[in-house]
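Descriptive analysis of the structure
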Amino acid sequence: MERKFFVGGNWKMNGTKSEIDGIVAFLKTGPLDSNVEVVVGVPSIYLTYVKNILPNNVSIAGQNTYKVAKGAFTGEISPAMLLDNGIPWVILGHSERRNIFGETDELVAEKVAHALESGLKVIACIGEKLEEREAGKTEEVVYRQTKAIADKIKSWDNVVVAYEPVWAIGTGKTATPQQAQEVHAQLRAWFSKNVNASVAQNVRIIYGGSVTAGNAKDLAKEKDIDGFLVGGASLKPEFVQIVNAKK
Ligand SMILES: O=C(COP(=O)(O)O)NO
C-alpha cells in the first residue's frame, strides 16, 4: 500500500491574526495537491481562530500537550482540550521542546502515549544534534528516541514520525537527499526489526530541517521520505510548492 504523502507546517511561536489571514489565504488559493495530507501546527492561542478559517483540505495540529488529561499543571494544555476544540493532531517531541524546555525521551514518550490514548493523531519528532552526527551517533540517537516511544504505545497507526536533524533546523543547512534517505531507511529497518513489517511498511517518516521550495522536489524523490515538517517556509507562499513537491 502506498504511503500518503504528508506535509506539516510548524508555525512555532509565530503569527498575528493578520499574518495568519495571509497564510490561510495562500493555503486557500493553492492549489494543493489533493494526494497530499496537509496539516498546519498552530500556536495554542490561535488554534480555534485558525480552525474556523482553514480550507477543508488542510487539517490542524497543536504544538504540544501534556501527559495527563487534567490537573495542577499551570500553563499546560491536554489532548482532551485539543479534541474538545476539534483539533485532531499534535506535534510532540520537537527538538525545541527537548533542547530548550528539557523534555526527555521518557516525557516525550509519555506525552505521545497519552495523546494517542486520548484520540489525537501525533507527529512525533526525533533527530540528532550536530555533535552527535559528527561523533557518528546519529543512528544510536534516533533509535533511542524512537524506542522510548515504541516502549509506551500500542499502535503506530495514528503516528507520523518526523526525522528532524537538529543541525538542519532553522539553519539553512538542509540534509542532502542522500543523508535524509539514509536515516529514513535505517528507521524503517528499525521498525521492521523492533516492531513489525507492517508498521515498517506503513508508517510515514517525514523530513524536517530547512525544507524550501528549492530543495523539496529532490528530497521528495527519495523512496523513504514520505513528506516534510516545515518550519520557516510554512509561513510563506512557497509552502504551496513544498506541498506539491511530488507533482
Ligand atoms: O523545526 C522544523 C523545521 O524548521 P525549519 O524548516 O525552519 O528548519 N520543523 O518542525
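Residues numbered from 1 in each chain as written. Predicted model: local features only at pLDDT ≥ 70, side-chain atom pairs only at ≥ 80, totals over all residues. Heavy atoms only, no water.

**Some details on helix α8 (residues 177–194)**
Taking 1.5 Å of rise per residue, 18 residues should cover 26 Å, and α8 covers 25 Å from first to last C-alpha, within 8% of that figure. Looking at α8, one finds that the buried residues are Pro177, Ala180, Gln181, Val183, His184, Gln186, Leu187, Arg188, Trp190 and Phe191. (Helix = DSSP H or I, 4+ residues; strand = E, 2+ residues; numbered from the N terminus. Expected span 1.5 Å × (residues − 1). Buried < 20%, exposed > 50% of the residue type's maximum accessible area, 1.4 Å probe, protein only.)

**Side note on the packing of helix α5 (residues 105–118) against helix α7 (residues 138–150)**
At their nearest, the axes of α5 and α7 sit 8 Å apart, and the two run at 40° to each other. The orientation of α5 relative to α7 falls into the category oblique. Crossing of α5 against α7: the hand is right-handed. Side by side, α5 and α7 meet where Asp105, Val108, Ala109 and Val112 of the first sit next to Arg144, Gln145, Ala148 and Ile149 of the second. (Axes fitted to C-alpha atoms, helices over the stretch in contact; angles between N-to-C directions. Parallel < 35°, antiparallel > 145°, perpendicular 65-115°, else oblique. Left-handed = near helix turned anticlockwise from the far one by under 90°. Contact = heavy atoms within 4.5 Å.)

**Some details on the confidence of the model for the protein chain**
Chain-level statistics for the protein chain give a pLDDT mean of 98 and a share of 100% at 70 or above. If you check the scores for this complex, the pTM reads 0.98 and the ipTM reads 0.99. (pLDDT = per-residue confidence, 0-100.)

**Some words on the pairing of strand β4 (residues 89–92)**
A regular strand places its side chains on the two faces of the sheet in alternate fashion. Because side chains alternate across β4, one face comprises the buried residues Trp89 and Ile91, and the other comprises Val90 and Leu92, equally buried. Across two bridges, strand β3 (residues 59–62) lies against β4 in parallel orientation. Residue pairing across strands places Ala61 opposite Trp89, the latter belonging to β4. The β-α-β motif built from β3, the intervening helix α3 (residues 79–84) and the parallel element β4 has right-handed crossover chirality. As paired strands, β4 and strand β5 (residues 121–126) are joined by four bridges and run parallel to one another. Across the sheet, Leu92 pairs through a bridge with Ala124, a residue of β5. (Pairing = 2+ DSSP bridges. Right-handed = clockwise from strand over helix to strand, strands pointing away.)

**Observations regarding the environment of Ser78**
Its location among the elements puts Ser78 in the loop between β3 and α3. For the pair Ser78 and Ser118, spaced 40 residues apart in the sequence, the C-alpha separation amounts to 9.2 Å.

**Points about the packing of α7 against α8**
Relative orientation of the contacting elements α7 and α8 amounts to 40°, with a least axis distance of 11 Å. Here α7 lies oblique to α8, going by the angle between them. Handedness of the crossing formed by α7 with α8: right-handed. Here α7 contributes Thr138, Glu139, Val142, Tyr143, Thr146, Lys147 and Ala150 to the contact with α8, which in turn contributes Val183, Gln186, Leu187, Trp190 and Phe191. Considered class by class, the residues forming the contact of α7 with α8 number seven nonpolar, three polar and two charged. (Nonpolar A, V, L, I, M, F, W, Y, C, P; charged D, E, K, R; others polar.)

**As for the packing of aromatic side chains**
If you walk through the whole model with that rule in mind, you get six aromatic pairs. Ring geometry for Phe5 against Phe228: centres 5.7 Å apart, planes inclined by 85°, an arrangement best described as edge-to-face. Note that Phe5 is positioned in strand β1 (residues 5–10) and Phe228 in strand β8 (residues 227–230), a separation of 223 residues in sequence. Like Phe228, Phe5 is buried. Ring geometry for Tyr163 against Tyr207: centres 6.4 Å apart, planes inclined by 55°, an arrangement best described as tilted. Taken together, the positions of Tyr163 in strand β6 (residues 159–163) and Tyr207 in strand β7 (residues 204–207) put the pair 44 residues apart, joining distant regions of the chain. On the accessibility criterion, Tyr163 (0% relative accessible area) is buried. (Phe/Tyr/Trp six-rings, centres within 6.5 Å; stacked < 30°, edge-to-face > 60°.)

**Quick word on the nonpolar core**
Counting residues in each nonpolar core, the largest one holds 68 residues, and the members touching the most others are Val7, Val112, Trp156, Tyr207 and Phe228. Of all the elements, α5 adds the most residues to this core, at six residues. Not counting residues up to four positions away in its chain, the partners in contact with Tyr207 are Tyr163, Pro165, Ala168, Thr174, Ala175, Ala180, His184, Leu219, Ile225, Gly227, Phe228 and Leu229. Counting eleven residues, the second largest nonpolar core, distinct from the first, contains Val39, Cys125, Val160 and Ala162. (Core = buried A, V, L, I, M, F, W, Y, C linked by side-chain atoms within 4.5 Å.)

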